[in-house]
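Breakdown of the fold
As a plain string of letters, each chain reads:
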Amino acid sequence: MKLKLLFVLLFVAQTVVATNTIPAVNNEENRNGHFTITPKTALVYNSTVRDVAMYLLEYIPFKQILSSNKTMPGDIFLTINRFMDEEEYRLTIDKNNIRIEGGGYGGVFNGVQTLLQMLPSEIYTKKCRLPIDVPLCEIHDSPRLAYRGFMLDVARTWLPADRVKRYIDLMAYHKLNKLHFHLTDDEGWRIELKSHPEFATIGGFRGGDSPVHPRYAKFGEKWGGYYTQEELRDIVAYAAQRNIEVIPEVDMPGHSKALGAIHPDILCNFTPNTASTNGLDIRNVWCAAKESNYAIIEDVIKELSEIFTSEYIHIGGDEVDMSQWRQCPDCQRLKHERGLENESQIEDYFIARTTEILARYGKKPAVWHEAIDGGSLPKTTRVYGWKSVKLCKHSTERGYPTIVMPGEYFYLDMKQSDREEGHIWAAIIDAKRIHSFDIDKYGFTEYQRNNIAGIEASFFSELYIANHPESNDYLDYMLFPRLCAVSEIAWSSKQRSWDDFYTALRTSHYDRMQAMGIAFRLFTPEVVYSDGKLSASVDDGSTLYYTDERNGRETRYTKPIDCRTPEYISFRSRYGTAHSRKTGSAEYLRMLTPPVTVTSSMPCSTKAPLTNPAKYTNSIARTTRAAKSGDWIEYRFAEPISCREIVVQTGHIHLRRCLFLAGYTEVCYDGKSWVRTNELSDGGAIIRPTAKIHAVRVVATTRSDAENNVVIGPLRIR
Ligand code: ACM
Ligand code: ZN
């Protein structure tokens, strides 16, 4: 009996280890027994993969390490097998040796990542002690897609180099091999240039005395940074050791407000109308007709090509505000002289000129997909399909090598459930939704499929700056486990079911991510209130806690709670570094929608009138100008209401934009007079009324942010 139990346990331990890697390996054969890595084990490597050996040495403290093409029993051997594809590998663990052979550097590196996942999760802390037993197996594996990417936007929210390197490590653990590095945008320029130092030294900082106006948060301070060329080279080398290519992006000709603010000469030749922006110039598009601009672009590309080793440089091309070219006599002359039919063809011209420059430095262009609208870009242009699956298909149909990254599956700045921080324009996206992405389901033809160059997830960071960007917590929470699901569908051809993937996630990968130090997201607990009892549950082994919001005290949840006031009790689950979002019973989550009339001192667009926020849906009112000190918005209830809290937010609901920069809220308890309650923080406040209230008012004490309108949303009343 005992023996049988032991056998069952051994069998379970063994199969769990090999099948629970993320991403899933494609072919595996598990055997009985194990190989023991001891202090005497030598790491032997073929000289081509010396850097992989040095990498592995950081995780396993080998005492002996040597370059050789021969191994002895007891060794771990890393070698090249020239009959394999570049990223293909075979990991063989038998009684005598661990052997990883790969077609190239990347193959061996991928094999090392699989080996790490088969070791105790503490391996990722780099403090694991020997000996370690590894189950015997043979794994033969290769990627489904050659391009498995992640885009990080460090332009909207600045991240120092060491933190970028941390995300490179986390990508490498998941066999992601392309870092698309979004280095410039309206909010900042992050690349040191020797030819134009002010691009970074001035354009890398927004707010304070910088000509770049603050956006999205931290309005009261000068904030930002940039990478020196030495740091960028270090990032490229660090990534290369981890089998990751860094593809830099300079987003042009649109998305260039930061640069335009310090170099207005790159912009078009017209005087902008600033009546609605309190005098601010918010133009952000390079003039396509200025020869001097192409000279600047050449300076930029020359320096980029000396730093970045990638075949492609991403030159942007998205969301160009063509009205700026329409108002520019020089761009219009260019259009007529060249017989261009529309402004999209002006963009083609701009990209063709930039492509010529790239070619002089041995680089190819990559662009966001709307850049192909003009119709003439050569098929050597790599296209990043971001808006929808449909448009990804369109790009593949036209013959462009396409990176599939439709927002509706791969934009990790989208919220992960209805009640979390995040954008909503593409979809609500959790790891399960990403895992369900299936090229076949969308009916790509074989021709279209052959033009899919890869899959990429992106993190645009305009929300991050309002969410403690000095800490990793928010970004980790937004990326994991969603990036795990991205890695699975990009790497594995096995098409493991969600249940099997989720099992691997919670039974093995949660512990690995713990050891990797990731503050990842847990799925939301279920909470039910019934017969005066509040009960909560999770299905992932995490621990539940509840908080009485009246005193803020958090208590471990062990059994259903007798409770008359479920509207005050929130729940959260935790698993070491990870946590779920805050949730509660239907009573806790319920929003009140009492009849209300909204008025304002500011005129509103007829398309987005003040009757919109009174409906308590997602629809907003939009003013026709920026706010000035003294402007106000009033919400008056038909009947006085009682509630736990009222969230007031000027600006977009999660995005700190089009909002009151400073001001206060006041409430009316008696139907006549106002009691000042809160100072605004990032355009909003949470009011906790002390009695029934008749009305709420928000009053601006300075101008609003650098936009030409203010967004007025509904109150959120609980
Ligand atoms: C993009 O999201 N504008 C590429
Ligand atoms: Zn122009």
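The model shown is predicted, which means the values in this text are computed figures rather than measured ones. (Residues numbered from 1 in each chain as written. Chains lettered and ligands numbered in written order. Predicted model: local features only at pLDDT ≥ 70, side-chain atom pairs only at ≥ 80, totals over all residues. Heavy atoms only, no water.)

**Describing the overall build of the protein chain**
If you tally the helices and strands in the protein chain, you get 19 helices and 37 strands. With the principal axes as the frame, the protein chain shows a C-alpha extent of 85 × 75 × 45 Å. When the 718 residues of the protein chain are sorted by exposure, 59% land in the buried category. For the protein chain, restricting intrachain contacts to residue pairs at least 6 apart in sequence, the fraction spanning at least 24 positions comes to 69%. Here the protein chain has roughly 28,600 Å² of accessible surface; of this, 51% comes from carbon and sulfur atoms. (Helix = DSSP H or I, 4+ residues; strand = E, 2+ residues; numbered from the N terminus. Buried < 20%, exposed > 50% of the residue type's maximum accessible area, 1.4 Å probe, protein only. Contact = heavy atoms within 4.5 Å. Areas by Shrake-Rupley, 256 points an atom, 1.4 Å probe, with all protein chains shown as cover.)

**What about the pattern of salt bridges?**
For the coordinates displayed, the defined rule picks out 47 salt bridges. Of the charged contacts, one joins R156 and D185 as a salt bridge, the two residues approaching to 3.4 Å between their closest N and O atoms. Note that R156 is positioned in the loop between β8 (147–153) and α4 (161–173) and D185 in strand β10 (residues 184–185), a separation of 29 residues in sequence. Given the relative accessible area of 2%, D185 is considered buried. D476 is the partner of R166 in a salt bridge, and the nearest nitrogen-oxygen pair spans 2.7 Å. Of this pair, R166 sits in helix α4 while D476 sits in helix α16 (residues 473–479), and the two are 310 residues apart along the sequence. (Salt bridge = Lys/Arg side-chain N within 4 Å of Asp/Glu carboxyl O.)

**Overview of the coordination of the zinc ion (ligand 2)**
Protein ligation of the zinc ion (ligand 2) involves C268 (SG), C287 (SG), C328 (SG) and C331 (SG), the donor distances falling in the range 2.3 to 2.4 Å. Viewed at the metal, the four donor atoms of the zinc ion (ligand 2) are separated by angles of 103 to 117°, and the geometry they form is tetrahedral. (Donors = N, O, S within 2.8 Å, 3.2 Å for Na, K, Ca; no water. Tetrahedral: all angles 85-135°; square planar, octahedral: opposite > 155°, others 65-115°.)

**Observations concerning the sheet that holds strand β7 (residues 132–141)**
Across the sheet, seven strands lie side by side as β1-β7-β5-β6-β4-β2-β3; this open sheet has mixed pairing. If you trace the sheet from one side to the other, it starts and ends with β1 (27–37) and β3 (64–67), each paired once. Taken pair by pair, the neighbouring strands of this sheet meet at an average axis angle of 20°, ignoring direction. Both strand β2 (residues 42–45) and β3 contribute to a ladder of four bridges, which runs parallel. For Y45, the partnering residue across the bridge sits in β3 and is S67. Most of the contacts of helix α3 (residues 105–118) go to strand β5 (residues 89–93), to which it runs at about 40°, and overall it touches β4 (76–80), β5, β6 (98–102) and β7. (Pairing = 2+ DSSP bridges. Axes fitted to C-alpha atoms, helices over the stretch in contact; angles between N-to-C directions.)

**What to know about helix α18 (residues 498–516)**
Helix length check: α18, at 19 residues, gives a terminal C-alpha distance of 23 Å against a target of 27 Å (1.5 Å per residue), a shortfall beyond 12%. At H509, α18 is bent by approximately 50°, the largest bend along its length. Among the residues of α18, those classed as buried are W498, F501, Y502, A504, L505, S508, H509, Y510, R512, M513, A515 and M516. Phi turns positive, to about 80°, at G517, one or two residues after α18. (Expected span 1.5 Å × (residues − 1). Bend = angle between axes of the 7 residues up to and from the residue.)

**Describing the state of the cysteines**
What the rule picks out here adds up to zero disulfides. For the unlinked cysteine C128, the closest cysteine sulfur is that of C137, found at 17 Å. Residue C128 is classed as buried on the basis of its relative accessible area, which comes to 12%. (Disulfide = S-S within 2.5 Å.)

**Section: unusual backbone geometry**
Along the chain, L130 connects to P131 via a cis peptide bond; the corresponding omega equals 5°. Topologically, P131 is positioned in the loop between α3 and β7. F480 connects to P481 through a cis peptide bond whose omega is 10°. Structurally, P481 can be placed in the loop between α16 and α17 (482–491). Of note in this structure, E319 is not a glycine but carries a positive phi near 45°. Mapping E319 onto the fold places it in the loop between β15 (312–316) and α9 (323–326). Positive phi, close to 60°, is recorded for Y616, a residue that is not glycine. Residue placement: Y616 occurs in the loop between β28 (596–600) and β29 (621–622).

**Description of the pairing of strand β19 (residues 452–459)**
Burial analysis of β19 places seven of its eight residues in the buried class, which makes it a mostly covered element. Here six bridges tie β8 to β19, and the two strands are oriented parallel to one another. The partner of L152 across the bridge, within β19, is F459. Bridge count for strand β18 (residues 402–404) against β19 is three bridges, and the pairing is parallel. Counterpart to T402 in the pairing with β19 is I452.

**Considerations on the packing of α17 against α18**
How two helices pack is summed up by the angle between their axes together with the distance between the axes. The contact between α17 and α18 brings their axes to 12 Å, and the two run at 120°. Here α18 runs oblique to α17, going by the angle between their axes. Here α17 runs over α18; the crossing is right-handed. Note on element contacts: α18 touches α17 through F501, L505, H509 and M513, opposite C484, A485 and E488. Split into classes, the residues belonging to the contact of α17 with α18 amount to five nonpolar, one polar and one charged. (Parallel < 35°, antiparallel > 145°, perpendicular 65-115°, else oblique. Left-handed = near helix turned anticlockwise from the far one by under 90°. Nonpolar A, V, L, I, M, F, W, Y, C, P; charged D, E, K, R; others polar.)

**Focus: the sheet that holds strand β24 (residues 561–562)**
Taken in spatial order, the three strands line up as β20-β21-β24 in an open sheet, and their pairing is antiparallel. Among the strands making up the open sheet, the edge pair consists of β20 (526–530) and β24.

**Brief notes about the environment of R50**
If you trace the backbone, R50 turns up in helix α2 (residues 50–59). Considered as a pair, R50 and L680 are 630 residues apart in the sequence and their alpha carbons are 56 Å apart.

**Regarding the pairing of strand β35 (residues 693–700)**
Among the eight residues that make up β35, seven are buried, leaving the element largely enclosed by the rest of the structure. Pairing of strand β30 (residues 632–641) with β35, which is carried by six bridges, proceeds in the antiparallel orientation. Each residue of the ladder has a partner; that of I641, found in β35, is I693. Pairing of strand β32 (residues 663–668) with β35 involves six bridges; the strand directions are antiparallel. Pairing of C668 across the sheet is with A695, part of β35.

By themselves, these figures tell us nothing about what the structure is for.
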